[in-house]
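# Summary of the model geometry
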Amino acid sequence: MRLVRCEPCTPPMPHTEGHRDEQASSEDRAPLLVLFNKETAAQLNPLPKDVIHIYPPWQSLSVEGSDCDIILNTHFSQKVSSSSKSSVASLPSPSAQKRMPYSLEKVFGLLEVCATTEDHSSKQDVQHAIGHFSLPGHCQSLLDAIEALGQAGCVGHSVEVVVQRVYSIPAPDFCSGSILKHRIKTSAVAPTAENTRTRLCVLVQDSYGMFSVVQLHLLASTDDLQKYCQMWQGKTCLLRAIKVVQRITRERHTWLFGLIHSLWPPLVPLKHLGCTPSLQTMQSEKVAGPPPSFCYLLCGQESSVEPIEDQPTSPLYFAPTVQTLKELMQSEVKSFPCSFVATVLHHKKQMGNIGQGEVWLAITDPSLQEERLEGPLRRTAAVCVNTSCALTSSVLESLHSPATHRISFRDVVKEHGIFLCTEQSVISLCPTEPSAQSSLGMLPKPVRLDALDSGVTPSSLCTVSGVIVGVDENTAYSWPACNHCGSDRLEMLPQQIFHCVSCKSFLDKPETRIQLEVILSQASLMDCTIKIKLQKKTVLSLLNTASLEGGEFSGYDVESVLGKELGPLNAYVRLITRKPSLWIGLEEISL
Ligand SMILES: [Zn+2]
């Protein structure tokens, strides 16, 4: 923690008439001790002569016997001006002049009024402070609008903002609007993909640089998201009838702030409250300060966001930059949000059906399919779709369909070499396949995969070939399954007819499913155990038979496959353990 000794400041007021009391000389003002926690101190780097604005809420502590008040929990602090000329923090710096009603001195005045109700001059100051915000019409600063109403309640003014991002989050049955609560599974019955509801969210920024997340109404269909993206994203809108849910800080919302940081510094100079045009010009030449370390979570309704008619895209709008997977995989930055278009080659649900647990996708794009790929680049990359990311029904459908689709990923976090889809990420189907005349978006057929080597990564795809050196007999079995839904819950009825308990259909001849896992030895990976779960067609070819009569393995000597050569097979990398020795678990797939 950092303790700083401050002097509460009545900021200079170059543009206000001097009817207010002449400022008290600095000797009259009691010094103030302000405690910043580690993160806030690192963000502010407070130095002597800096002016720092401390936004509510904070707490004050009076210590008996000390004439110094102490201010604690100052998580919402910004440097207004810096003593060092090289780094002028400009954001979000509602300037000291305009902030006057909230200077610490005034707030202490307010506290004293509550305590004594005697001090009339302080009371007047407070009234003056409140009057400052009761202007009709709309304001341009989120902080002004939010601070004008205090801790909670409805923001009465409409605020002019730019919608930087539109996304949706899975919505639980209750609609409290808390972004924390939907991570908790409340019901024992997990929602199915079809009835998962999603809530529309927008990330907005005002012309002073401040951000807020606004949670809006539930979407009737998950696919409605695109409509709102087209209507709102990049546009200047009026926000109205919104409520403050909570303040959120970088420490607990790293993904959100990762996105905010990627929109920083702003593309156009930001406004500074209380500056004359000439000052504005001077300020705009200054370097933008660090990105905000806090923002507000607001909630509203569909009507809370109203685009200003006939406005082109706002110059403040920071559109997502679409990059190739090659560019992204080559980047050395540890964790950053990014956007790209890729083809999903394979998907794997981690638990339950898609739409419930995490979904892992193996993806590629033309940049990773170039004939020659240099360096440590792999031909496929892994995407983890976190449960906080809302999948639209059209994307879910495309994952279940056998055809491959180009899918756009927006504001996905690249972390530890994989792409993580989080709350703010938007996954959508690309509307059209690449046109025939442009080969740019085309993948080679068949798609190129890496041959299995020791650098393989989990949830990627590879090709493998080798000699079978072992059979996992515990996993060698076959069973009858429903031809329609794949369920193994079949009932035998008279006349050799089966009834599927799951989908209630009647079957003459159920499909036979086979499971067989073998241990492969690959010449290039001698010290490694490679275990692969084979597909039915491969098992049948190994057993030299066209079908398994009666759905039984009996009569087939599983041991007879030892020494047979397999591959090259396409495989999904399920699991890798590197200690005590390299062990790779694969699953054969069809592309
Ligand atoms: Zn069935």
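If you're wondering where the values come from, they're calculated on a predicted model, not measured in any experiment.

## Some remarks on the pairing of strand E2 (residues 32-36)
On a regular strand, one side chain projects to one face of the sheet and the next to the other, so that they alternate. Among the five residues that make up E2, four are buried, leaving the element largely enclosed by the rest of the structure. Summarising the sheet, strand E1 (residues 2-6) and E2 pair through five bridges and their orientation is antiparallel. Within the sheet, the bridge partner assigned to valine 4 lies in E2 and is valine 34. Pairing of E2 with strand E5 (residues 69-72) involves three bridges; the strand directions are parallel. Each bridged residue has a counterpart across the sheet, and for leucine 33 the counterpart in E5 is isoleucine 70.

## Comments concerning the packing of aromatic side chains
A full pass over the atoms with the stated rule returns five aromatic pairs. Judged by centre distance (6.3 Å) and plane angle (75 degrees), the ring pair of phenylalanine 294 and tyrosine 296 falls under edge-to-face. A residue is classified by how much of its surface remains accessible, and phenylalanine 294, at 0% relative accessible area, is buried. For tyrosine 296, a relative accessible area of 1% corresponds to the buried category.

## Considering the sheet that holds E5
Taking strand neighbours across the sheet as the criterion, the four strands line up as E1-E2-E5-E4 in an open arrangement whose pairing is mixed. Of all strands in the sheet, those bounded by a partner on one side alone are E1 and strand E4 (59-62). Taking each pair of neighbouring strands and ignoring which way they run, the sheet shows an average axis angle of 25 degrees.

## As for the confidence of the model for the chain
Here the chain averages 77 in pLDDT, and 74% of its residues register 70 or above. At the level of individual helices and strands, the chain shows its lowest average pLDDT in helix H3 (residues 120-131), which scores 35, and its highest in strand E29 (residues 583-588), which scores 95.

## Some remarks on helix H9 (residues 393-400)
Looking only at H9, the buried set comprises Val395, Leu396, Ser398 and Leu399. The arc enclosing the buried residues of H9, seen along the axis, measures out at 160 degrees, which places them on a common side. Pointing more than 90 degrees away from the buried face of H9 are the exposed residues Glu397 and His400. Where H9 is buried, its residues touch strand E15 (335-349), strand E16 (359-364), strand E18 (406-415) and strand E20 (426-429).

## Here's the deal with the pairing of strand E23 (residues 490-493)
Where E23 and strand E24 (residues 497-500) come together, four bridges link them in antiparallel fashion. Among the inter-strand pairings, leucine 490 is bridged to a residue of E24, identified as cysteine 500. Hairpin connection, E23 to E24: the antiparallel pair is bridged by three residues, and glutamine 495 has positive phi, about 60 degrees.

## Re the coordination of the zinc ion
Distances from the zinc ion to its protein donors, Cys482 (SG), Cys485 (SG), Cys500 (SG) and Cys503 (SG), fall at 2.2 to 2.3 Å. Classification of the site at the zinc ion rests on its four donor atoms, whose angles at the metal span 105 to 113 degrees, yielding the label tetrahedral. We note that the donor set of the zinc ion lies within a single chain, spaced as C-x2-C-x14-C-x2-C. Placement of cysteine 485 in the loop between strand E22 (461-481) and E23 and of cysteine 503 in the loop between E24 and strand E25 (506-507) is noted, with a sequence separation of 18 residues between them.

Calculation rules
- Every chain begins its residue count from 1, and numbering advances along the sequence as written.
- Per-residue local features are limited, in this predicted model, to residues with pLDDT of at least 70; the limit for side-chain atom pairs, both in listing and counting, is 80 or more; totals at the level of whole chains, interfaces and linings are taken over all residues.
- Here the side-chain values reflect all heavy atoms present in the structure, with hydrogen atoms and water set aside.
- For each residue, the accessible area found with a 1.4 Å probe, counting protein chains only, is set against the maximum for its type, and the residue is called buried under 20%, exposed over 50%, and partly exposed in between.
- A run of H or I in DSSP counts as a helix once it spans at least four residues, and a run of E counts as a strand once it spans at least two, with each numbered from the N terminus.
- For two strands to be treated as a pair, DSSP must find at least two bridges joining them.
- The aromatic pairing rule takes the rings of Phe, Tyr and Trp, using the six-membered ring of Trp, and pairs them if the centres are within 6.5 Å, calling planes under 30 degrees apart stacked, those over 60 edge-to-face and the rest tilted.
- Helix axes use the C-alpha atoms of the stretch in contact, all axes being lines fitted to C-alpha atoms, and the angles between their N-to-C directions lie in the range 0 to 180 degrees.
- Each residue carries a pLDDT value, the predictor's own confidence for that position, ranging from 0 to 100.
- Note that the arc is defined by the directions from the helix axis to the C-beta atoms.
- Residue contacts are defined here by distance: any two heavy atoms, one from each residue, within 4.5 Å place the two residues in contact.
- For Na, K and Ca the donor cut-off is 3.2 Å; for every other metal, N, O and S atoms count as donors within 2.8 Å. Water does not enter the count, which can leave sites looking incomplete.
- When four donors show all angles between 85 and 135 degrees the site is tetrahedral, when four or six donors have opposite pairs over 155 degrees and all other angles between 65 and 115 it is square planar or octahedral respectively, and in every other case it is irregular.

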